[in-house]
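The residues making up each chain are set out below.
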Amino acid sequence: MYGHSGLNKIMKARDLTEHFRKLFHEHPRIFRAPGRVNLIGEHTDYNDGFVLPAAVAFSTYVAVAARPDSKLVIHSEEFPGNFDFDLDHLPAQRTGSWCDYVLGVASVLRQRGHQLRGANLLVHGEVPIGAGLSSSAALEVATALALMSLDETQLPLTEVAQLCRQAENTFVGARVGIMDQFVACMGKAGHALLLDCRSLKFQLIPIPAGIELVVCNTMTKHDLATGAYNTRREECEEGVRYFQKWNPAIRALRDVPVELLNEHISDLPPTIAKRCSHVIHENQRTLETARALTAGDLDEVEKLMRASHDSLRDLYEVSCRELDVMVESAEGLPGFCGGRMTGGGFGGCTVNLVRQEHAANFAREIAERYQQKTGINPRTYLCTAEDGAGELQREPD
Ligand code: GLA
C-alpha cells in the first residue's frame with residue numbers, strides 16, 4: 001500500500017539531488033510527472049471520445065543539469081543500463097530499451113525546432129511498469145519538462161502532453177491516444193478529469209468526499225507496444241469506414257450515435273460490430289459517470305463501471321482472466337462503490353472506488369480472494385487523486 005505527501009516529495013528531492021551530485025558533481029533541477037488510473041472511458045481516447053482519468057501519487061522524477069557538450073547522458077535508479085547519446089546523432093527509431101521514452105521526447109522537441117542542450121539526466125521511477133498505470137507517459141512528461149527547462153522553453157502543459165504523445169506514437173511506435181500524457185500534465189488533487197479527446201477541453205470532476213481509489217495490481221503484464229493495441233485501433237478505423245458509407249460526415253467513432261449503430265450493427269463484420277459497440281456505448285457511460293459522480297450517485301457509478309468492464313471483456317476483448325477475477329473479487333466487500341479494469345488491458349490493474357473507512361480492509365480482503373483463486377500474490381495501493389506534473393521545489397545549491 002502506498003501513500004504520498006509533501007514531506008515525501010521533499011525527501012525524494014533530497015535523495016535524488018544527493019545521488020545526482022555523486023554521479024555528475026552538479027546540482028540538478030527536478031521534475032515530476034504522475035502515473036494515472038482511468039475511472040472509465042477505456043479505448044475511447046483514440047476514437048476522439050471521452051475519458052475520465054485521475055493522476056495518482058506514483059510519480060516519475062527526472063533530475064537534470066546542462067552539459068557543456070551535445071551529449072544526453074541518461075542514468076536511472078531503477079531501470080537497467082546507463083546511456084550516452086549525441087543529440088546530433090540520435091537514433092531514428094526505438095532501441096528497445098526504457099530510454100526510448102527519453103529519446104523520443106528529445107527527438108520530437110528537436111523536430112519541433114527546440115534548441116536542445118546537452119544534459120545529464122537521472123531518472124527515478126516509482127510508477128509500476130507494465131501495470132497499466134502509465135509509467136511511460138510519466139517518464140515522457142517529466143523528461144520533456146526537464147529538457148525544456150535547460151533553455152527556459154515555456155510551453156503550455158497541454159502542448160507538452162501532445163508532444164509526449166507524438167514521441168510515443170512516432171518514436172516508440174505505440175499508437176496510444178492522448179489520455180495518459182494529458183492527465184499526467186493536467187491532473188488535479190481530489191479530482192478526475194473529464195476530457196474530450198477531440199477538442200482537448202476538460203472539466204474537473206470532484207471525487208466524492210470519503211472515497212478512496214484502491215488500485216489492485218494483478219501482477220500480470222501487458223505490453224502495449226505489441227500488436228493487440230494497434231490491432232484494436234485498426235478495427236476501429238475499419239468501423240469508421242463503414243459508418244462513413246451511411247453518413248459521410250462521420251470522422252471517428254465518437255460521431256456515431258447509438259441509433260446509427262443499432263440500425264447497422266448487422267451490416268458490420270461481427271468483430272468490427274463488437275469493437276464499435278464498445279466504443280460508442282463507453283463514450284455514453286463516461287459522460288454518465290461524470291454526471292453521477294458530480295451528483296454523488298455512487299450506485300449509478302458502480303453500475304456504469306461494471307458495464308464498462310463487461311464490455312471490455314466481451315466486446316473489446318482486452319481483459320484477461322486475472323483482471324476478471326480481480327473485478328469479481330471486489331463484489332460484496334464492505335465499502336465497495338464500483339470497480340473495473342483500468343488502462344489498456346491484457347493484465348495490469350483494476351481501479352476501485354471504496355469508502356475510506358473500509359479501504360484498508362478492502363485491500364486486504366480482495367488480495368486474499370484473488371490469491372486464493374489465481375495463486376498469484378497481488379499488490380494493492382490506496383491512492384488519492386493528485387496534481388499533475390511540475391517542478392519540485394528548488395533547493396539551495
Ligand atoms: C493506454 C493508452 C491510452 C488509452 C488506454 C486505453 O493506456 O496509452 O492512450 O488508449 O490504453 O483506454
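Residues numbered from 1 in each chain as written. Predicted model: local features only at pLDDT ≥ 70, side-chain atom pairs only at ≥ 80, totals over all residues. Heavy atoms only, no water.

A.B. asks: Help me out: how do you make sense of the pattern of salt bridges in this one?
C.D. replies: Two side chains that carry opposite charge are able to pair once their charged atoms sit near each other. Scanning the entire structure with this criterion turns up 20 salt bridges. Between Glu42 and Arg340 there is a salt bridge whose closest N-O contact spans 2.7 Å. Of the two residues, Glu42 is situated in the loop between strand E1 (29–38) and strand E2 (50–51) and Arg340 in strand E10 (residues 336–342); the sequence distance between them amounts to 298 residues. Exposure class is identical for Glu42 and Arg340. Each is buried. Taking the shortest distance from any N to any O, the salt bridge between Arg275 and Glu317 comes out at 2.8 Å. Of this pair, Arg275 sits in helix H8 (residues 270–295) while Glu317 sits in the loop between helix H9 (298–314) and helix H10 (321–330), placing them 42 residues apart in sequence. (Salt bridge = Lys/Arg side-chain N within 4 Å of Asp/Glu carboxyl O. Helix = DSSP H or I, 4+ residues; strand = E, 2+ residues; numbered from the N terminus. Buried < 20%, exposed > 50% of the residue type's maximum accessible area, 1.4 Å probe, protein only.)

A.B. asks: Explain the nonpolar core to me, please; I cannot follow it from the model alone.
C.D. replies: The nonpolar side chains of soluble globular proteins are, as a tendency, buried together. Leu72, Ile74 and Leu121 are the most contacted members of the largest nonpolar core, which has 85 residues in total. Top contributing element to this core by residue count: helix H3 (residues 135–149), with 9 residues. In this structure, this core is formed jointly by two domains, domain 1 (2–207) and domain 2 (211–383), each of which donates at least three residues. Excluding residues that lie within four positions of it along the chain, Leu72 makes contacts with Phe83, Asp84, Phe85, Leu87, Leu103, Ala106, Ala119, Leu121 and Leu147. Counting residues in each nonpolar core, the second largest holds 25 residues, with Val176, Phe243, Ile280 and Met341 among its members. (Core = buried A, V, L, I, M, F, W, Y, C linked by side-chain atoms within 4.5 Å. Domains from an automatic or database assignment. Contact = heavy atoms within 4.5 Å.)

A.B. asks: Mind showing me how you'd approach the domain arrangement of the protein chain here?
C.D. replies: In many reports, interface size means the accessible area that the parts give up when they come together. Splitting the protein chain by domain gives domain 1 (2–207) and domain 2 (211–383). Taking only C-alpha atoms, the centre of domain 1 and the centre of domain 2 are 25 Å apart. Across the boundary between the two partners, domain 1 contributes 39 residues, which contact 50 residues of domain 2. Of the roughly 3700 Å² buried at the junction of domain 1 and domain 2 (both faces included), carbon and sulfur atoms supply 61%. Three residues stand out in domain 1 for area buried against domain 2, namely Ile40, His43 and Arg175, and they jointly supply 19% of the buried area on that side. Linking domain 1 to domain 2 there are 4 salt bridges. (Buried area = accessible area lost by both parts, 1.4 Å probe.)

A.B. asks: Sorry, what's going on with the site of the ligand here?
C.D. replies: Neighbouring residues of the ligand: 12 residues in total, closest Glu42, His43, Asp45, Asp180 and Tyr229. In the model, an oxygen atom of the ligand is placed 2.9 Å from a nitrogen or oxygen of the Gly177 main chain. One of the side-chain N or O atoms of Tyr229 is found 2.5 Å from an oxygen atom in the ligand. Taking 310 Å² as the accessible area of the ligand by itself, protein coverage stands at 98%. Structurally, the shell around the ligand is a two-domain feature, drawing no fewer than three residues from each of domain 1 (2–207) and domain 2 (211–383). (Near = heavy atom within 4 Å. Polar contact = N/O pair within 3.5 Å; in protein donor to acceptor, adjacent residues only side chain to side chain. Areas by Shrake-Rupley, 256 points an atom, 1.4 Å probe, with all protein chains shown as cover.)

A.B. asks: Mind showing me how you'd approach the side chain of Glu386 here?
C.D. replies: With respect to the helices, strands and loops of the structure, Glu386 is situated in the loop between strand E12 (379–383) and strand E13 (390–391). In contact with Glu386, other than residues within four places in its own chain, are Ala55, Val56, Ala57, Gly187, Lys188 and Ala189.

A.B. asks: Looking at this structure, how should I read the sheet that holds E1?
C.D. replies: Whether parallel or antiparallel, the strands of a sheet pair through hydrogen bonds between backbone atoms. With respect to topology, 6 strands assemble into an open sheet ordered E5-E4-E6-E3-E1-E13, the strand pairing being mixed. Of all the strands in the sheet, the pair left with one neighbour each is strand E5 (83–86) and E13. Relative to E13, E1 runs antiparallel, the two being bridged by 2 bridges. Note on E13: the bridge partner recorded for Phe31 is Glu391. Contacting E1, strand E3 (53–66), strand E4 (71–76), strand E6 (119–125) and E13, H3 runs over the sheet at an angle of about 155° to E1. Contacting E1 and E3, helix H5 (residues 179–186) crosses the sheet at an angle of about 125° to E1. (Pairing = 2+ DSSP bridges. Axes fitted to C-alpha atoms, helices over the stretch in contact; angles between N-to-C directions.)

A.B. asks: Help me understand H3, please; the structure alone is not making it clear to me.
C.D. replies: An α-helix turns once per 3.6 residues; consequently, residues spaced three or four apart project the same way. Relative to the 21 Å expected for 15 residues at 1.5 Å per residue, H3 spans 21 Å between its end C-alpha atoms, a close match to the ideal helical length. The element H3 is extensively covered by neighbouring structure, given that 15 of its 15 residues are classed as buried. (Expected span 1.5 Å × (residues − 1).)

A.B. asks: What is the right way to read the environment of Phe182 from this model?
C.D. replies: The topology assignment puts Phe182 in helix H5. The class for Phe182 is buried, based on a relative accessible area of 0%. Taking the C-alpha atoms as reference points, Phe182 and Pro53, separated by 129 residues in sequence, lie 9.4 Å from one another. Excluding its chain neighbours within four sequence positions, the residues that come into contact with Phe182 are Thr158, Ala161, Gly187, Leu193, Leu195, Leu200 and Phe202.

A.B. asks: What am I meant to see in the pairing of strand E8 (residues 202–206) here?
C.D. replies: Regular strands place side chains that alternate from one sheet face to the opposite one. With 5 bridges joining them, strand E7 (residues 191–196) and E8 adopt antiparallel strand pairing. Residue Leu193 lies in a different strand from E8, and its bridge partner there is Leu204. If you look at the hairpin formed by E7 and E8, you'll find 5 residues sitting between the two strands, and Leu200 has a positive phi there, around 60°.

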